[in-house]
Amino acid sequence: MAALAAVARLRGLSTTAAGAELAVVIAFVLMRVGTLLEILPAAPHGLARATAPALDAALMAVALAQSLAMCAVAVRRRQYPAGGWARADVAVAAVVLLGEPWYLLPEDWVGTWTAWGGALSVNAVFGAAIGFPARRQTVAATALVAAAYALPGVVLSHAHAPTAASNLIGYLVFAVAARSSATFIRRLGRDADEARRQAALSAAEAERDRHRLLLHDQITIMRLLSEPGLEPGLVEVLRRQAAAGAARVRHFLEQPDGGGPDDPAAGTATLAALVRRAGEGFTDLPIDYAVDLAADVPVPPAAAGPLHEALATVLHNVRAHAAAGQVVVHADAPPGLGHWEVSVRDDGRGFDQARRPLGFGLRVQVSRALAEVGVESEIRSAPGAGTVVLLRGRLEER
């Protein structure tokens, strides 16, 4: 019944650490029950040849009961019972092997199913290899079982010594193979769990960044609107931007996949048009546009939205931090280079890039968001020398 239950679980195994452990348990249960099913048909013949059939039958009954109970515990716990059950398994196998001279004829000690302890002891080594947490425990259990096997086959019966010595090598090979395989399967399960955990963290971080990208510039607008003494013209500009931002947030909440008809870059066909559209809400800034050479430069649809948002973020930063007297926005596609360029240069206060890390807007909404659509970005600044933001993307073939 334990074997049938284990097989029934095979189709439901998950690629997790728990699923990997269950796979190891199933391998142990199937191997143990299969060995018992091979031992039982030979039992009548073995008992008939036994020198002490009562001892043979008693040991077989103990081994059968202990094996089935251990399989049931392993299936119920969904892991190999590595404590007292495992030590009992090794002890029973060793006792059965050491007892063979007392209940079997010498010619039956090696190489026959009458000496059923050999098959049981291989299972015990398998269990020790997959179940004991420490390698030294597996080594000790394997050495004990091998020594118990060697006593009748090698020490007491010189006729069986060559065969027994060859079988002893099998214990070592079996232990190494079983432990290596079980360790690998368990590591795969743990790695799969860790990969899922990291994916979940990445998804959560991506969702947080998505919200922050949406709200970053709106917070800047709200902060400026809350400051006293703003010029009426700037207040009106900020209000228009706040209204547009509120519409985008509302659209996001209603259709959280984003984009759609409220995308500010929707319908933009050329680089020059996109740059001018990104600067529409910044009439309060002293912006000079030099974009005529980009009037016929197409913008890939996938890059249009992120590029528009990045330019708006750069201009928000200029408004909030630069105190610039002049802002030059240049767009071009230098002949023969295969790429287009957009630069935003201000003569404001600048900052020390070595001592002041980039904020969320420049780090994420500009650099990271553009990199995801194949657009390079570079930011240069120094105290008192203003700031330059350079964006570069590959030209599409026409």
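This text goes with the structure placed above it.
The rules we used
Residues numbered from 1 in each chain as written. Predicted model: local features only at pLDDT ≥ 70, side-chain atom pairs only at ≥ 80, totals over all residues. Heavy atoms only, no water. Helix = DSSP H or I, 4+ residues; strand = E, 2+ residues; numbered from the N terminus. Buried < 20%, exposed > 50% of the residue type's maximum accessible area, 1.4 Å probe, protein only. Contact = heavy atoms within 4.5 Å. Areas by Shrake-Rupley, 256 points an atom, 1.4 Å probe, with all protein chains shown as cover. Salt bridge = Lys/Arg side-chain N within 4 Å of Asp/Glu carboxyl O. Polar contact = N/O pair within 3.5 Å; in protein donor to acceptor, adjacent residues only side chain to side chain. 1 Å grid on protein atoms, 1.4 Å probe; cavity = no way out; pocket = protein on both sides within 12 Å on 5 of 7 lines; lining within 4 Å. Points joined across faces, edges and corners; volume = space filled by probe spheres on them. Nonpolar A, V, L, I, M, F, W, Y, C, P; charged D, E, K, R; others polar. Pairing = 2+ DSSP bridges. Phe/Tyr/Trp six-rings, centres within 6.5 Å; stacked < 30°, edge-to-face > 60°. Axes fitted to C-alpha atoms, helices over the stretch in contact; angles between N-to-C directions. Parallel < 35°, antiparallel > 145°, perpendicular 65-115°, else oblique. Left-handed = near helix turned anticlockwise from the far one by under 90°. Right-handed = clockwise from strand over helix to strand, strands pointing away. Expected span 1.5 Å × (residues − 1). Bend = angle between axes of the 7 residues up to and from the residue. Core = buried A, V, L, I, M, F, W, Y, C linked by side-chain atoms within 4.5 Å.

Visitor: Could you clarify how one ought to interpret the overall build of the protein chain in this entry?
Guide: For the protein chain, the count of helices and strands is 11 helices and 5 strands. In the protein chain, which comprises 398 residues, the proportion classed as buried is 44%. Here the analysis covers contacts within the protein chain between residues at least 6 apart in sequence; of these, 70% occur between residues at least 24 apart. Total accessible area on the protein chain is roughly 20300 Å²; 61% of this is exposed by carbon and sulfur atoms.

Visitor: Just to check I follow, could you spell out the pattern of salt bridges for this structure?
Guide: Pairs can form between side chains of opposite charge whenever their charged atoms are close. For the coordinates displayed, the defined rule picks out 8 salt bridges. Taking the shortest distance from any N to any O, the salt bridge between Arg197 and Glu194 comes out at 2.9 Å. You can see Arg197 and its partner Glu194 sitting in helix α7 (residues 161-225), 3 residues apart, about one turn around the helix. Take Arg197: its relative accessible area is 43%, and that puts it in the partly exposed class. The class for Glu194 is partly exposed, based on a relative accessible area of 34%. Overlapping salt bridges bring together Glu341, Glu376 and Arg392 as one network.

Visitor: Please clarify how the side chain of Thr387 should be interpreted in this entry.
Guide: Topologically, Thr387 is positioned in strand β5 (residues 387-394). Polar contacts involving the side chain of Thr387 include one to the side chain of Ser381, which spans 2.8 Å. Apart from the residues within four sequence positions on either side, Thr387 is in contact with Val344, Arg345, Asp346, Gly350, Phe351, Ile379, Arg380 and Ser381.

Visitor: I keep staring at empty space enclosed by the protein and nothing clicks. Help me out?
Guide: Taken as a whole, this structure holds 2 cavities of 30 Å³ or more when the rule is applied. In this structure, the largest cavity occupies an estimated 50 Å³ of space. When residues of the lining of the largest cavity are traced back to their parent elements, those giving at least two are α2 (17-49) and α3 (53-77). Residues of the lining of the largest cavity, tallied by class, amount to 8 nonpolar, no polar and no charged. The computed volume of the second largest cavity comes to approximately 40 Å³. If you go around the second largest cavity, the residues you meet are Val275, Ala278, Gly279, Tyr289, Leu311, Leu315, Val329 and Val344.

Visitor: What exactly am I supposed to notice about the pairing of β5 here?
Guide: Successive side chains on a regular strand alternate, one facing one side of the sheet and the next facing the other. Burial within β5 is extensive, with 6 of its 8 residues counted as buried. Of the strand pairs in this sheet, strand β3 (residues 339-346) and β5 are connected by 8 bridges, and their pairing is antiparallel. Residue Arg345 lies in a different strand from β5, and its bridge partner there is Val388. Taken together, strand β4 (residues 375-381) and the strand that follows it, β5, pair antiparallel across an intervening segment of 5 residues, in which Gly384 is found at a positive phi of about 80°.

Visitor: It is not clear to me how the packing of aromatic side chains should be interpreted in this structure. Could you clarify?
Guide: Using the criterion set out here, one finds 3 aromatic pairs in the structure. Ring geometry for Phe28 versus Tyr80: centroids 5.1 Å apart, planes at 90°, classification edge-to-face. Taken together, the positions of Phe28 in helix α2 and Tyr80 in the loop between α3 and α4 (84-103) put the pair 52 residues apart, joining distant regions of the chain.

Visitor: What's the story with the environment of Phe126 in this structure? I'm lost.
Guide: Residue placement: Phe126 occurs in helix α5 (residues 117-131). Residue Phe126 is classed as buried on the basis of its relative accessible area of 13%. Put simply, Phe126 and Thr142 are 16 residues apart on the chain and 8.9 Å apart in space, counted from C-alpha to C-alpha. Setting aside its immediate chain neighbours within four residues, Phe126 contacts Ala27, Phe28, Met31, Phe174 and Ala178.

Visitor: What am I meant to see in unusual backbone geometry here?
Guide: Negative phi characterises most residues that are not glycine, and trans characterises most peptide bonds. Even without a glycine there, the phi angle at Arg78 is positive, about 65°. Its place among the elements puts Arg78 in the loop between α3 and α4. Taking the relative accessible area as the measure of exposure, Arg78 reaches 39% and is therefore partly exposed. Positive phi values are uncommon outside glycine, yet Ala323 reaches one of about 50°. Here Ala323 shows up in the loop between α10 (301-322) and β2 (327-332).

Visitor: Where do I start with the packing of α3 against α4 in this structure?
Guide: In a pair of packed helices, the angle between the axes and the distance between the axes together describe the arrangement. Contact pair α3 / α4: the axes reach a minimum separation of 10 Å and the direction vectors enclose 165°. Considering the angle they form, α3 stands roughly antiparallel to α4. The crossing of α3 and α4 is left-handed. Note on element contacts: α4 touches α3 through Trp85, Ala86, Ala88, Asp89, Val92, Val95, Val96, Trp102 and Tyr103, opposite Leu55, Asp56, Leu59, Ala63, Gln66, Ala69, Met70, Val73 and Arg77.

Visitor: Looking at this structure, I do not really get the pairing of strand β1 (residues 287-290). What am I missing?
Guide: Two strands pair when backbone bridges link them, and β1 and β2 are joined in this way by 4 bridges, in the parallel orientation. Opposite Ile287, over in β2, you have Val327 as the bridge partner. Regarding topology, α10 serves as the crossover connection from β1 to the parallel β2, and that connection is left-handed.

Visitor: Whenever I open this one, α4 confuses me. Can you help?
Guide: Residue pairs three or four apart in sequence face the same way in an α-helix, which turns once every 3.6 residues. For α4, which comprises 20 residues, the first-to-last C-alpha distance of 27 Å matches the rise-based estimate of 28 Å (1.5 Å per residue) to within 8%. At Leu97, α4 is deflected by roughly 30°, the largest bend along its length, and proline Pro101 occurs up to four residues later in sequence.

Visitor: Quick question: what am I supposed to make of the nonpolar core here?
Guide: One broad rule of soluble globular proteins: the nonpolar side chains tend to lie buried together. Ranked by internal contacts, the top residues of the largest apolar core, which has 37 residues, are Leu271, Val275, Leu307, Leu311, Trp340, Val342 and Leu391. Breaking this core down by element, the ones donating at least two residues are α9 (271-278), α10, β2, β3, α11 (360-371), β4 and β5. Considering every element that reaches this core, the biggest residue donor is α10, with 10 residues. Once residues within four sequence positions are removed from consideration, Leu391 is found in contact with Leu307, Leu311, Trp340, Glu341, Val342, Val366, Leu370, Val375, Glu376 and Ser377. By size, the runner-up hydrophobic cluster in this structure holds 30 residues, among which are Ala74, Val125, Phe126 and Ala141.

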